[in-house]
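Residues per chain, in single letters:
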Amino acid sequence: MIHLHVELGNRSYPIYIGSQLLSQPDLYAAHIKSKQVLIVTNETVAPLYLDQVRQNLTSYQVETVILPDGEQYKTLETLSRVFDALLAARFSRNATLIALGGGVIGDMGGFAAACYQRGIVFLQIPTTLLAQVDSSVGGKTGVNHPLGKNMIGAFYQPQCVLADTDVLDTLDNRQLAAGLAEVIKYGLIRDADFFVWLEENIEALCARDKQALAYAIEHSCRNKAEIVAEDETESGVRATLNLGHTFGHAIETGTGYGAYLHGEAVAIGICQAADLSMRKGWLTEQEVQRIGVLLRRAGLPVIPPAGLDTERFLELMAVDKKNLDGQIRLILLEKIGRATLPVYVERTLLESTLNGYGRN
Ligand SMILES: NC(=O)c1ccc[n+]([C@@H]2O[C@H](COP(=O)([O-])OP(=O)(O)OC[C@H]3O[C@@H](n4cnc5c(N)ncnc54)[C@H](O)[C@@H]3O)[C@@H](O)[C@H]2O)c1
Ligand SMILES: [Zn+2]
């Protein structure tokens, strides 16, 4: 088992990564504060892993909430079902909430834990690759609002993150690849050695080689943990995690949520950010190629949707959270392994990427 540590003073916590972690009662017991435990999961994950988790909790009063599956249910309305369950069971401030699922469940479970009686203990058991390498670490929790994604939320850190590589066996190839987009992102923004390792091991990852997956999850979480320790509330370096995301969000919104998975849209966005970084004179053409090739080998799309023209892209990118005063700010790459902080980009240069990259 790999054991990492997120250093946040008295809110520090461990990340456990490895095989068969779900069936180790001690890992749960070490972080549960009272007899009362609520497991929050969804219709897809419950039949796969709920029993396995419950088997470790026989000496506790365990309640479960099984939510419908999907980003469209990441709402305040769905969240109220979690509060209903906590109150109906008369759970106290010492109760523990376990979020068992992908990023949607992790974000909702964490936010419910942050709100219930002003904060109860919560454990993250991420079951998608994306959740294991990204969303379960760092304490961003929340739900969507009809007028904006993740607009209602809180920074609230878990007590621990339990990333069991075995659960990835049941994840479909598309979801696995979407997680790999975020993994590749860590190499690009701050870990050139890891990027090279990914170039050498991407086939093993796609084939779900357990050792390769554990290595990739470890290095992703290590990078994220270091960033979060330095900048918990995103006033600086944490913004680099958004490489490719402004383009990606435009693709997600512009094609209607659901056409592209988040990681797929981010993969295309990373390519666009790389192209723009080359136009800035930072990346070489060869580096841009390397990035595109690795993403493609991971099974990810790299060409922007034909239906989304430059004008629409600009419109959608202008509403991104990172912008100040209506100007578009982006994370770019100085080289493989080093990202910029958000930079203002000349409109003509941005247009040349939007018109030029992947449009032939
Ligand atoms: N908090 C953060 O810092 C942060 C970072 C990135 C993304 N997010 C959020 O994460 C969400 C996306 O997370 P996601 O990609 O995990 O999506 P998801 O939670 O919707 O999971 C994807 C699908 O896989 C299913 N699934 C989960 N585990 C499975 C397993 N082991 N086997 C088979 N199927 C399984 C889910 O039920 C779902 O259908 C978004 O809401 C996004 O906003 C948050
Ligand atoms: Zn992302």
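Look up: the structure comes first, before these words.
Let us look at the structure shown here. All of these numbers come straight from a predicted model, not from anything done at the bench.

## Focus: the environment of Asn56
Then step 1. Its place among the elements puts Asn56 in the loop between α2 (45–54) and β4 (61–67).
Then step 2. With a relative accessible area of 10%, Asn56 lands in the buried category.
Then step 3. For Asn56 and Leu27, which are 29 residues apart along the polypeptide, the C-alpha to C-alpha distance reads 9.3 Å.
Then step 4. In this structure the side chain of Asn56 is engaged in a polar contact, spanning 2.8 Å, whose partner is the backbone oxygen of Gln52.

## A closer look at the packing of aromatic side chains
The geometry of an aromatic ring pair comes down to the distance between the two centres and the angle between the two planes.
Then step 1. Taken as a whole, this structure holds four aromatic pairs when the rule is applied.
Then step 2. Over the face of the ring belonging to Tyr344 we find Arg329, whose NZ or CZ atom lies 5.8 Å from the ring centre.

## Some points on the environment of Thr58
Then step 1. Examined against the element boundaries, Thr58 turns out to sit in the loop between α2 and β4.
Then step 2. Its relative accessible area of 69% is what places Thr58 among the exposed residues.
Then step 3. Separated by 33 residues in the primary sequence, Thr58 and Pro25 have C-alpha atoms spaced 9.5 Å apart.

## Describing the coordination of the zinc ion (ligand 2)
Then step 1. Protein coordination at the zinc ion (ligand 2): the donors are Glu182 (OE), His245 (NE2) and His262 (NE2), at 2.0 to 2.1 Å from the metal.
Then step 2. Between consecutive donors of the zinc ion (ligand 2), the numbers of intervening residues give the motif E-x62-H-x16-H. Here His262 lies in helix α10 (residues 262–279) and His245 lies in helix α9 (residues 245–254), a separation of 17 residues in the sequence.
Then step 3. The buried category is assigned to His245, whose relative accessible area is 5%.

## Remarks on the sheet that holds strand β9 (residues 160–164)
Then step 1. Spatially, seven strands are ordered β1-β2-β9-β6-β5-β3-β4 in an open sheet, and the strand pairing comes out mixed. Looking at strand neighbours, the two that pair on one side only are β1 (2–6) and β4, the edges of this open sheet. Each strand axis lies, on average, 15 degrees off the axis of its neighbour in the sheet, ignoring direction.
Then step 2. Packing of α2 onto the sheet brings it into contact with β3 (36–42), β4, β5 (96–101) and β6 (121–126), and relative to β3 it is tilted by some 160 degrees.
Then step 3. Across the sheet, helix α8 (residues 210–230) touches β1 and β2 (13–18), and the angle it forms with β1 is around 15 degrees.

Definitions and cut-offs
Residues numbered from 1 in each chain as written. Chains lettered and ligands numbered in written order. Predicted model: local features only at pLDDT ≥ 70, side-chain atom pairs only at ≥ 80, totals over all residues. Heavy atoms only, no water. Helix = DSSP H or I, 4+ residues; strand = E, 2+ residues; numbered from the N terminus. Buried < 20%, exposed > 50% of the residue type's maximum accessible area, 1.4 Å probe, protein only. Polar contact = N/O pair within 3.5 Å; in protein donor to acceptor, adjacent residues only side chain to side chain. Phe/Tyr/Trp six-rings, centres within 6.5 Å; stacked < 30°, edge-to-face > 60°. Lys NZ or Arg CZ within 6 Å of the ring centre and 35° of its normal. Donors = N, O, S within 2.8 Å, 3.2 Å for Na, K, Ca; no water. Pairing = 2+ DSSP bridges. Axes fitted to C-alpha atoms, helices over the stretch in contact; angles between N-to-C directions. Contact = heavy atoms within 4.5 Å.

Geometric descriptors of this kind do not, in isolation, establish any biological role.
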